[in-house]
Amino acid sequence: MTDHIETITPEEVKAKLKKGEAISLIDVREDEEIAAGKIPEAKHIKMMEIPDRLDEINPDEEHIIICRSGNRSVNVSYFLQDHGYKVKNMVGGMLAYERDSE
């Protein structure tokens, strides 16, 4: 795994959403984590379901991958990148996103 995964900060994601940019957000957390809240524009695909749901992910778009702290999402980012997808990992995950919202 020598390929570098690009990152994006929660602040950059918020700025893109505020500007109305059409971005693809994929939240890979579990159902109970999503129940506590997610970015409304994000598509929820649990990490373990990603391989079976690749047909729901447009290979022509760039996708921002999100989890709780940024660890699971980097693993999903490597998997998707290895399958030809353009991805960025949101550093700090939803912990950082929500902390910045306070």
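Look above for the structure.
Attention here is on the structure that accompanies the text. Counting starts from 1 at the beginning of each chain's written sequence and moves along it residue by residue. Residue-level local features of this predicted model are given only where pLDDT is at least 70; pairs of side-chain atoms are given and counted only at 80 or more, and the full residue set underlies all totals for whole chains, interfaces and linings. As a rule here, side-chain values come from all non-hydrogen atoms in the structure, and water together with hydrogens is ignored.

Remarks on the overall build of the protein
Here comes step 1: In this text, helices come from DSSP runs of H or I with a minimum length of four residues, and strands from runs of E with a minimum of two, each type numbered from the N-terminal end. What the protein contains, in helices and strands, is four helices and five strands.
Here comes step 2: With C-alpha atoms as the basis for the radius of gyration, the globule rule is written as 2.2 Å multiplied by the number of residues raised to the power 0.38. A compact globule built from 102 residues would reach a C-alpha radius of gyration of about 13 Å, and the protein, at 13 Å, matches this within 12%.
Here comes step 3: Counting only C-alpha atoms, the protein reaches 35 × 30 × 25 Å along its principal axes.
Here comes step 4: Here the protein, with 102 residues, has 39% of them falling under the buried criterion.
Here comes step 5: All accessibility values rest on the Shrake-Rupley procedure with a 1.4 Å probe; residue burial counts only the protein chains present in the view. For the protein, the accessible surface area stands at approximately 5,800 Å², while carbon and sulfur atoms represent 48% of it. Exposure is judged per residue with a 1.4 Å probe applied to protein chains only, and the accessible area is read against the type maximum: over 50% gives exposed, under 20% gives buried, and values in between give partly exposed.

Observations regarding the pattern of salt bridges
Here comes step 1: By definition, a salt bridge exists where a carboxyl oxygen of Asp or Glu is found within 4 Å of a side-chain nitrogen of Lys or Arg. Throughout the structure, instances matching the rule amount to ten salt bridges.
Here comes step 2: Of the charged contacts, one joins Glu21 and Lys16 as a salt bridge, the two residues approaching to 3.2 Å between their closest N and O atoms.
Here comes step 3: Residues Lys19 and Glu21 are paired through a salt bridge, measuring 3.4 Å at the closest nitrogen-oxygen approach.
Here comes step 4: Where salt bridges share partners, they join Asp31, Lys43, Lys46, Glu49, Arg53 and Glu56 into one cluster.

A short note on helix H1 (residues 10-18)
Here comes step 1: For H1, the set of buried residues is Pro10, Val13 and Leu17. Down the axis of H1, the buried set is contained in an arc of 60°. They therefore lie on one face. To obtain the arc, one takes the directions from the helix axis to the C-beta atoms.

Observations regarding the packing of aromatic side chains
Here comes step 1: When two rings of Phe, Tyr or Trp (its six-membered ring) have centres within 6.5 Å they constitute a pair, described as stacked for plane angles under 30 degrees, edge-to-face for angles over 60, and tilted for the intermediate range. One pass over the structure, following the stated rule, counts zero aromatic pairs.
Here comes step 2: Throughout this description, the term charge over a ring refers to an Arg CZ or Lys NZ atom that lies within 6 Å of the ring centre and within 35 degrees of the ring normal. Seen from the ring of Tyr97, Lys14 lies directly overhead, with NZ or CZ sitting 4.6 Å from the centre.

A short note on the pairing of strand E5 (residues 86-90)
Here comes step 1: Counting buried positions along E5 yields four of five residues, so the element is predominantly enclosed.
Here comes step 2: Relative to E5, strand E1 (residues 6-8) runs parallel, the two being bridged by three bridges. Bridge assignment links Glu6 to a residue of E5, and that residue is Lys88. Pairing between strands is defined by DSSP: at least two bridges between the two strands are required.

With respect to helix H3 (residues 71-82)
Here comes step 1: Helix span, as expected, comes to 1.5 Å for every residue beyond the first. Between its first and last C-alpha atoms H3 spans 17 Å; for twelve residues at 1.5 Å apiece the expected length is 16 Å, and the two agree.
Here comes step 2: Burial in H3 covers these residues: Ser73, Val76, Ser77, Tyr78 and Leu80.
Here comes step 3: In the core, the buried residues of H3 are packed alongside strand E4 (62-66) and E5.
Here comes step 4: A positive phi of about 90° marks Gly84, the residue just after H3. Note on definitions: a residue-residue contact is assigned when non-hydrogen atoms from the two residues lie within 4.5 Å.

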